[in-house]
Amino acid sequence: MNKITHQLTETEHLERIQKIEIITRRRRTMKRKMHRSLNQTLTKFALYSIVTTGFLGVAAMGCWGLEIIAANSNSTSISQYQWQARKNVCLGGMLVGLSGFLGSALLGACVGFDEN
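The structure displayed is predicted, hence computed values, not measured ones. Within each chain, residue numbers correspond to sequence positions counted from 1 in written order. Owing to the predicted nature of the model, reporting of local features is limited to residues with pLDDT of at least 70; listing and counting of side-chain atom pairs is limited to 80 or more, with chain, interface and lining totals taken over all residues. Computation of side-chain values: all heavy atoms of the structure, hydrogens and water removed.

Visitor: I would appreciate a short explanation of the overall build of the protein chain in the present structure.
Guide: Here a helix means four or more residues in a row that DSSP labels H or I, a strand means two or more in a row labelled E, and each is numbered from the N terminus. Scanning the protein chain for helices and strands turns up 2 helices and 0 strands. Only protein chains enter the accessibility calculation, which uses a 1.4 Å probe; a residue whose area is less than 20% of its type maximum is buried, one above 50% is exposed, and one in between is partly exposed. The burial tally for the protein chain puts 13% of its 116 residues in the buried class. Residue contacts follow a heavy-atom distance rule, with two residues in contact if any of their heavy atoms lie within 4.5 Å. Taking all contacts inside the protein chain whose residues are at least 6 apart in sequence as the whole, residues at least 24 apart take part in 70%. Surface accessibility in these figures is a Shrake-Rupley result with a 1.4 Å probe; residues are shielded only by whichever protein chains are displayed. Total accessible area on the protein chain is roughly 9,600 Å²; 63% of this is exposed by carbon and sulfur atoms.

Quick look at the structure:
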């Protein structure tokens, strides 16, 4: 009778261990999926922010050139102040884009997802 009770207890214990292993595997799979999606999102955000920074840099240089042209010309239709304001907006956008890129890179490094 003691052996039968021991076998039943051992079987129940093995079933519990198997259930715990299944739950642990599910949690690991969910964590991997979450890390993978977070990594993909951060990569896309970093790419978009660095491309935006580049385009705004080109726009700021163009506005700077047109500001110089407006300062040297006698035309009243194009004012120097408008180009200066637009240049400052582009430079501010560049700063926001660059900080977004650095922030997403830092967050990606903190997550530290390794696909191996």
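Visitor: Looking at this model, I keep getting lost on the side chain of T53. Mind explaining?
Guide: Mapped onto the elements of the fold, T53 is located in helix α1 (residues 2-72). Polar contacts involving the side chain of T53 include one to the main-chain amide nitrogen of L98, which spans 3.3 Å. Here a polar contact is recorded for every N or O atom pair within 3.5 Å, except that within protein the pair must consist of a potential hydrogen donor and a potential acceptor, and residues adjacent in sequence are included only if both atoms are side-chain atoms.

Visitor: Got a minute to help me understand a nonpolar patch on the surface in this structure?
Guide: Patches draw on residues past 30% relative accessible area with no salt bridge. Two like charges within 9 Å are joined, as are two nonpolar side chains (Val, Leu, Ile, Met, Phe, Trp, Tyr) within 5 Å. A pair is scored as a salt bridge if a Lys or Arg side-chain nitrogen falls within 4 Å of a carboxyl oxygen belonging to Asp or Glu. Taken together, L47, Y48, I50, V51, F55, L98 and L102 make up a surface patch of nonpolar side chains, about 700 Å² in accessible area. Sorting the residues of the nonpolar patch by element identifies α1 and α2 (80-111) as the ones contributing at least two each. No other element matches α1, which puts 5 residues into the nonpolar patch. Mapped onto the secondary structure, L102 falls in helix α2.

Visitor: How should I be thinking about the environment of V96 in this particular structure?
Guide: You can see V96 is positioned in helix α2. Sequence separation of V96 and S49 is 47 residues, and the distance between their C-alpha atoms is 8.4 Å.

Visitor: Looking at this structure, how should I read the pattern of salt bridges?
Guide: Pairing of side chains with opposite charge becomes possible as their charged atoms draw close. What the rule picks out here adds up to 1 salt bridge. E67 is paired through a salt bridge with K87; the nearest N and O atoms lie 3.3 Å apart. Of the two residues, E67 is situated in helix α1 and K87 in helix α2; the sequence distance between them amounts to 20 residues. In this pair, the class of E67 matches that of K87, namely buried.

Visitor: Explain the packing of aromatic side chains to me, please; I cannot follow it from the model alone.
Guide: Geometrically, a pair of aromatic rings is defined through the distance of the ring centres and the angle of the planes. When two rings of Phe, Tyr or Trp (its six-membered ring) have centres within 6.5 Å they constitute a pair, described as stacked for plane angles under 30 degrees, edge-to-face for angles over 60, and tilted for the intermediate range. The final tally for this structure, using the stated rule, is 0 aromatic pairs. Any Lys NZ or Arg CZ that is within 6 Å of a ring centre and within 35 degrees of that ring's normal is treated as a charge sitting over the ring. Note that R86 overlies the ring of W83, its terminal NZ or CZ placed 4.8 Å from the centroid.

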